[in-house]
Amino acid sequence: MSIFSQKLCGYVENASMKVATLSRLSGVERSYIQKMLSGERLPKEYSILLRLAEALMLTPAESSSLRDAYEISKMGESVYSRHMAVKDLLEEADRYLPPAIPSKPSPPRPPHKELPDLMPLEGRIAISDALQSFLAEETSAPEAHLCAVIQPDCMAISQIQIYCLMNPKLRLEHIVCFDRDQPSQENQHYNLRCMRALLPFLLGSYQYSGWFYYDSISAQSSRTSVFPWFILGKNAVFSLSRDCEKAILYTQPQAVALFRRIFEEFRGACSPLFELENTTQSRFWNSSRWTEIQKQMTYSIQFEPCWGFFYTMDMIEQNMLPDLPNRDQILSFFADRQKQITLLEDSQRKNTSFFTPEGIDRFLTTGKTSEIPEALYTPLPVSARAELLRRMLRCVEQGNYTPYLVRSQKLTLPRLLSLFITDEQRLSCSSAHPVFGLYSVIFREKSIVYSIRDFLEYLKDTDMVYSREESVTILQNKLKELERLEAEPAPSAS
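Here the structure is a predicted model, which is why all the values come from computation and not from measurement. (Residues numbered from 1 in each chain as written. Predicted model: local features only at pLDDT ≥ 70, side-chain atom pairs only at ≥ 80, totals over all residues. Heavy atoms only, no water.)

S.K.: Before we move on, could you go through the overall build of the protein chain and cite the residues and values that matter?
M.R.: What the protein chain contains, in helices and strands, is 19 helices and 15 strands. Nonlocal contacts in the protein chain, meaning residues at least 24 apart in sequence, comprise 76% of its contacts between residues at least 6 apart. Accessible area of the protein chain: about 23,700 Å², with a carbon and sulfur share of 51%. (Helix = DSSP H or I, 4+ residues; strand = E, 2+ residues; numbered from the N terminus. Contact = heavy atoms within 4.5 Å. Areas by Shrake-Rupley, 256 points an atom, 1.4 Å probe, with all protein chains shown as cover.)

The structure is reproduced here in structure tokens:
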């Protein structure tokens with residue numbers, strides 16, 4: 001018997017309900033129910049699950065448990081668990097993104113203490129205190145620079161992030177290991193957990209550079225190397241054991257120089273963790289970064305739809321503020337970007353988009369989009385909003401755009417993070433940073449890109465989204481509402 005059939009049998013027994021009665025109340029054929037109970041069949045669609053749950057008078061928790069059992073039986077526990085790990089990453093993304101830089105002054109630099117050439121440490125409290133003093137000393141300089149070989153799930157990462165927030169000019173170079181033994185039960189989602197822990201660094205507008213290599217995480221835990229992780233500063237090195245229960249602080253110049261050579265040699269054997277799409281507003285206008293990334297966009301998921309697929313330059317020129325000092329440069333950027341990502345004129349380019357009804361309502365109500373910094377344009381008039389929605393629906397009819405509206409009560413999408421995946425297996429992550437504005441990176445680690453892409457393939461066939469037909473109907477109704485507003489006479493000036 002499958003997990004689903006066991007769960008369903010339990011609920012039928014608890015309800016003391018005969019199969020014939022369940023068939024009559026649910027409208028599902030008796031033979032079909034018997035095959036589900038025996039494990040021979042699974043429901044063809046979610047509506048059957050809902051009808052069975054309603055007939056059995058299941059609680060919300062029981063209905064959810066039955067749905068989980070169905071998913072596990074349908075795709076296997078490992079795949080289902082991976083999908084749920086991606087769902088958790090999306091739902092928690094806003095919490096992991098960094099807040100605005102604190103306005104409070106940084107803590108005073110601790111008084112300098114003469115330290116021995118080698119200081120052994122033991123116990124988490126002693127190590128945490130010593131690490132805090134080490135980071136405070138090493139990051140207090142205006143051009144502070146740290147090099148780290150350390151895993152994202154290590155307790156030291158959260159302390160490093162605090163000092164990145166305190167000193168935005170802090171330069172951090174980081175090497176991380178990703179698990180190559182993805183089928184192993186214990187660590188099958190380890191790389192996704194790493195991704196979640198690295199989001200604040202990837203999208204926080206820090207001076208962060210990352211590299212990665214592959215190894216067996218499960219094998220690493222049994223190695224004889226006692227102090228594999230280290231954080232290298234200008235004047236000292238903080239080395240940690242795998243369980244972070246032991247550490248050694250080195251201050252001897254020869255030891256610092258040796259660890260620096262080790263780091264540089266190791267870095268040379270690793271691959272870049274990501275590529276920056278932009279770090280400052282000036283680099284945001286480098287349109288060449290779109291050429292490779294957006295050429296064959298296949299998936300996007302974000303709070304509001306990507307309107308860049310549907311705009312034309314006349315719309316941009318009409319609404320761009322006329323007195324911008326670099327207006328011609330900005331228009332040139334949008335002209336290049338429009339050619340590279342438009343779905344209006346390129347029948348070969350296809351996109352499947354996931355977004356929320358609340359996100360599209362926000363744009364249709366305000367005329368503002370998170371894709372463009374608000375300081376550059378006036379809110380789009382109702383006529384322009386309606387035209388963009390018409391173009392979206394035209395692309396749906398042409399078959400090169402497929403929208404799925406997300407049921408927010410089933411899946412909470414982050415308001416600050418947008419994900420785009422291309423056929424070339426690149427994951428582009430964009431964030432609306434509270435201080436620095438739009439900020440984007442391209443993530444290339446294959447297991448994470450695959451996991452998120454596979455989740456989106458799975459998502460369109462779940463009850464977490466409206467069906468394609470339902471989504472199109474919702475969008476058509478919203479267009480009708482806008483067209484009624486368009487037809488209303490403008491209020492006369494008093």
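Moving on, there is more to tell.
S.K.: So, the side chain of Asn351: which residues are in play, and what are the values?
M.R.: Looking at the element boundaries, Asn351 is found in strand E11 (residues 351-355). Within the local environment of Asn351, its side chain forms a polar contact with the side chain of Ser353, the two groups lying 2.4 Å apart. (Polar contact = N/O pair within 3.5 Å; in protein donor to acceptor, adjacent residues only side chain to side chain.)

S.K.: Give a description of helix H2 (residues 19-26) that names residues and reports values.
M.R.: Within H2, burial applies to Val19, Leu22, Ser23 and Ser26. Down the axis of H2, the smallest arc covering the buried residues is 100°, so these residues share one side. Just downstream of H2, Gly27 is the residue with a positive phi angle, here 80°. (Buried < 20%, exposed > 50% of the residue type's maximum accessible area, 1.4 Å probe, protein only. Arc of directions from axis to C-beta.)

S.K.: Before we move on, could you go through the packing of helix H5 (residues 60-75) against helix H6 (residues 77-96) and cite the residues and values that matter?
M.R.: Taken N-terminus to C-terminus, the directions of H5 and H6 make an angle of 125°; their axes are 7 Å apart at the nearest point. Of the possible angle classes, the one that applies to H5 and H6 is oblique. On H6, the residues touching Asp68, Glu71, Ile72 and Met75 of H5 are Glu77, Val79, Tyr80 and His83. A per-class count over the contact of H5 with H6 returns four nonpolar, one polar and three charged. (Axes fitted to C-alpha atoms, helices over the stretch in contact; angles between N-to-C directions. Parallel < 35°, antiparallel > 145°, perpendicular 65-115°, else oblique. Nonpolar A, V, L, I, M, F, W, Y, C, P; charged D, E, K, R; others polar.)

S.K.: Provide a residue-level description of the nonpolar core, including the pertinent values.
M.R.: Leu202, Ile231 and Phe238 are the most contacted members of the largest nonpolar core, which has 90 residues in total. Top element by residues in this core is helix H9 (residues 190-202). It accounts for eight residues. Not counting chain neighbours up to four residues away, the residues in contact with Phe238 comprise Leu121, Ile127, Ala130, Leu131, Phe134, Trp229, Phe230, Ile231, Ala247, Ile248 and Leu249. Grouped together as the second largest cluster of nonpolar side chains are 39 residues, Met315, Met320, Leu364 and Leu376 included. (Core = buried A, V, L, I, M, F, W, Y, C linked by side-chain atoms within 4.5 Å.)

S.K.: Tell me about the packing of helix H16 (residues 357-366) against helix H17 (residues 382-398), and please be specific about residues and values.
M.R.: For any two helices packed against each other, one specifies the crossing angle of their axes together with the interaxial distance. Running from N to C, H16 and H17 point in directions that differ by 145°, and their axes come no closer than 8 Å. Contacts between H16 and H17 involve Ile360, Phe363, Leu364, Thr365 and Thr366 from the first element and Arg385, Leu388 and Leu389 from the second. Split into classes, the residues belonging to the contact of H16 with H17 amount to five nonpolar, two polar and one charged.

S.K.: Which residues make up the pairing of strand E12 (residues 401-405), and what are the values?
M.R.: For E12, the buried fraction is high: five of the five residues fall into the buried class. Pairing between E11 and E12: five bridges, direction parallel. When the sheet's bridge partners are listed, Asn351 is paired in E12 with Tyr401. (Pairing = 2+ DSSP bridges.)

S.K.: Lay out the confidence of the model for the protein chain with the relevant residues and their values.
M.R.: Mean pLDDT over the protein chain stands at 84; residues scoring 70 or higher make up 85%. Here residues 278-286 scores under 50 on pLDDT; set against residues more than four positions off or in separate chains, the count is 22 contacts. (pLDDT = per-residue confidence, 0-100.)

S.K.: Which residues make up the environment of Leu475, and what are the values?
M.R.: Counting through the fold element by element, Leu475 comes out in helix H19 (residues 468-487). Residue class for Leu475 comes out buried when judged on its relative accessible area of 0%. C-alpha separation for the pair Leu475 and Arg390, spaced 85 residues apart in sequence, amounts to 9.3 Å. Filtering out sequence-adjacent residues up to four positions away, Leu475 remains in contact with Phe355, Ile360, Leu389, Met392, Leu393, Pro403 and Leu405.

S.K.: Explain unusual backbone geometry residue by residue, including any values.
M.R.: Here Ser16, not a glycine, exhibits a phi torsion of approximately 50°, which is positive. Along the polypeptide, Ser16 turns up in the loop between helix H1 (3-14) and H2. The exposed category is assigned to Ser16, whose relative accessible area is 68%. In this structure, Met57 takes a positive phi of about 55° despite not being glycine. Mapped onto the secondary structure, Met57 falls in the loop between helix H4 (46-55) and H5.

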